[in-house]
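Listed here are the chains, written in short residue letters.
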Amino acid sequence: MSFHRARSEEQIQARIQEIVNAASIIYDSAGYEGLSFSAISEHTKFTRPNIYNYFKTKDEILLIIMKDDFKSFVTSLIKSFKLNKLYSINEICEIWTNALIKHIRLLDLYALLSTFIEKNVSIKALSEFKKEMAKLQSMLLSLISQLFPNSSDDNVMNFFYFQLTLAFGLYPASKMGKCQIEALKLAGVSYIPPEFKKTYQTGLYQLMYCLQNSIYIEKNYNALKKSKKGK
């Protein structure tokens with residue numbers, strides 16, 4: 001069967017989605033190293049040269065997968081909360097953690113984002129990714145502000161970055177490979193990888209507690225600074 005160039009925007013988007021879907025399946029089973037244009041061609045009707053018509057590198061495909069995963073996470077998280085209902089910090093932590101656990105691939109991709117993915121894509125692809133992620137981030141910040149209405153915009157933003165750092169730093173440490181674990185044993189280092197869900201939820205609670213009480217923490221901090229200056 002001969003391959004015909006897509007003529008309409010609808011056809012182009014359909015082909016891009018087919019490539020992205022195949023790449024998602026391959027990444028889930030074989031990881032970053034196992035994903036290649038050759039592997040994608042085996043799962044689709046496209047040859048390697050055909051795929052180059054739509055993507056320059058596999059990392060450009062991963063940007064789309066990551067954006068879609070983040071969108072799914074944000075959307076599901078927002079839908080998990082009911083309007084005009086007050087939630088305890090424990091309830092928010094549980095809902096938030098469960099939503100994130102359902103998007104494990106997002107955690108895995110974030111660990112690769114700055115070290116591999118962003119370094120192997122075009123400026124155009126990266127710019128579009130940043131633009132879409134900023135929109136999703138804005139939606140998430142709006143949700144956080146609704147859940148913690150007494151918090152300032154600065155504190156909401158700080159919380160957003162802190163929980164990202166917690167999630168995407170903790171996840172790799174909780175998913176050590178056999179070689180890493182064996183190396184620690186040979187080195188005589190006693191180390192037990194943390195359980196991601198339990199540890200993340202605990203850390204998230206602490207961050208949310210500080211966010212909820214940020215106005216009092218800031219007042220006490222400013223009062224302490226003032227008292228020190230007066231000495």
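First things first, this report covers the structure right here in the doc. (Residues numbered from 1 in each chain as written. Predicted model: local features only at pLDDT ≥ 70, side-chain atom pairs only at ≥ 80, totals over all residues. Heavy atoms only, no water.)

What follows concerns the overall build of the protein. Each helix and strand counted, the protein has 11 helices and zero strands in total. In sequence order, the secondary structure elements of the protein are arranged as α-α-α-α-α-α-α-α-α-α-α. Intrachain contacts of the protein at a sequence separation of at least 6 include 70% that bridge at least 24 residues. Within the structure as shown, the protein displays about 14,400 Å² of accessible surface, and the carbon and sulfur contribution to it stands at 55%. (Helix = DSSP H or I, 4+ residues; strand = E, 2+ residues; numbered from the N terminus. Contact = heavy atoms within 4.5 Å. Areas by Shrake-Rupley, 256 points an atom, 1.4 Å probe, with all protein chains shown as cover.)

Looking now at the packing of aromatic side chains. For the structure on display, the rule yields 11 aromatic pairs. Relative to Tyr-87, the ring of Phe-81 lies with its centre 5.1 Å away and its plane at 90°, an arrangement referred to as edge-to-face. Each member of the pair Phe-81 and Tyr-87 is classed as buried. Taken together, Phe-70, Phe-73, Trp-96 and Phe-159 form an aromatic cluster joined through their ring pairs. The ring of Tyr-32 has Lys-58 sitting right over it, with the charged end atom 3.9 Å from the ring centre. (Phe/Tyr/Trp six-rings, centres within 6.5 Å; stacked < 30°, edge-to-face > 60°. Buried < 20%, exposed > 50% of the residue type's maximum accessible area, 1.4 Å probe, protein only. Lys NZ or Arg CZ within 6 Å of the ring centre and 35° of its normal.)

Closest axis-to-axis distance for the helix 1 (residues 9–34)/helix 4 (residues 58–80) pair is 10 Å, and the angle between their directions is 100°. Taken as axis vectors, helix 1 and helix 4 run roughly perpendicular relative to one another. Contacts between helix 1 and helix 4 involve Ile-16, Ile-19, Val-20, Ala-23, Ser-24, Tyr-27, Tyr-32 and Glu-33 on the former and, on the latter, Lys-58, Asp-59, Ile-61, Leu-62, Ile-64 and Ile-65. Looking at side-chain class alone, the contact of helix 1 with helix 4 contains 10 nonpolar, one polar and three charged residues. (Axes fitted to C-alpha atoms, helices over the stretch in contact; angles between N-to-C directions. Parallel < 35°, antiparallel > 145°, perpendicular 65-115°, else oblique. Nonpolar A, V, L, I, M, F, W, Y, C, P; charged D, E, K, R; others polar.)

To continue, consider the layout of surface pockets. A probe as big as a water molecule, rolled over the atoms, marks out the empty space that is left. What the largest pocket holds in volume is close to 630 Å³. Along the walls of the largest pocket sit 21 residues, with Ile-16, Tyr-54, Phe-55, Ile-64 and Glu-128 positioned nearest its centre. For the lining of the largest pocket, the secondary-structure elements that each account for two or more residues are helix 1, helix 4 and helix 7 (123–147). For the lining of the largest pocket, the residue count by class is 10 nonpolar, four polar and seven charged. (1 Å grid on protein atoms, 1.4 Å probe; cavity = no way out; pocket = protein on both sides within 12 Å on 5 of 7 lines; lining within 4 Å. Points joined across faces, edges and corners; volume = space filled by probe spheres on them.)

Counting residues in hydrophobic clusters, the biggest one holds 65 residues, and the most contacted among them are Ile-40, Ile-61, Phe-73, Trp-96, Leu-140, Ile-144 and Met-208. Sorting the residues of this core by element identifies helix 1, helix 2 (37–43), helix 4, helix 5 (89–101), helix 6 (104–113), helix 7, helix 8 (153–174) and helix 10 (196–212) as the ones contributing at least two each. In contact with Ile-40, other than residues within four places in its own chain, are Ile-19, Ala-22, Ala-23, Ile-26, Leu-35, Ile-51 and Ile-61. (Core = buried A, V, L, I, M, F, W, Y, C linked by side-chain atoms within 4.5 Å.)

Our focus in this paragraph is empty space enclosed by the protein. A complete count under the given rule lists one cavity of 30 Å³ or more for this structure. By volume, the largest cavity is sized at about 40 Å³. Together, Phe-70, Phe-73, Trp-96, Leu-100, Leu-106, Gln-163, Leu-164, Phe-168 and Tyr-200 line the largest cavity. When residues of the lining of the largest cavity are traced back to their parent elements, those giving at least two are helix 4, helix 5 and helix 8.

On to the side chain of Thr-44. In this structure, Thr-44 sits in the loop between helix 2 and helix 3 (48–51). On the basis of relative accessibility, which here comes to 14%, the residue Thr-44 falls in the buried class. A polar atom in the side chain of Thr-44 sits 3.2 Å from the backbone nitrogen of Phe-46. Beyond its immediate sequence surroundings of up to four residues, Thr-44 is in contact with Glu-18 and Ala-22. (Polar contact = N/O pair within 3.5 Å; in protein donor to acceptor, adjacent residues only side chain to side chain.)

All buried positions along helix 6 are accounted for by Leu-106, Leu-107, Leu-109, Tyr-110, Leu-112 and Leu-113. For helix 6, the elements touching its buried residues are helix 1, helix 4, helix 5, helix 7, helix 8 and helix 10.

Now for the packing of helix 4 against helix 6. With their axes 10 Å apart at the nearest point, helix 4 and helix 6 run at an angle of 135° to one another. By the angle between their axes, helix 4 is oblique relative to helix 6. Like other packed secondary-structure pairs, helix 4 and helix 6 cross with a definite hand, here left-handed. Here Leu-62, Leu-63, Ile-65, Met-66, Asp-69, Phe-70 and Phe-73 of helix 4 lie close against helix 6, whose contacting residues are Arg-105, Leu-106, Leu-109, Tyr-110 and Leu-113. (Left-handed = near helix turned anticlockwise from the far one by under 90°.)

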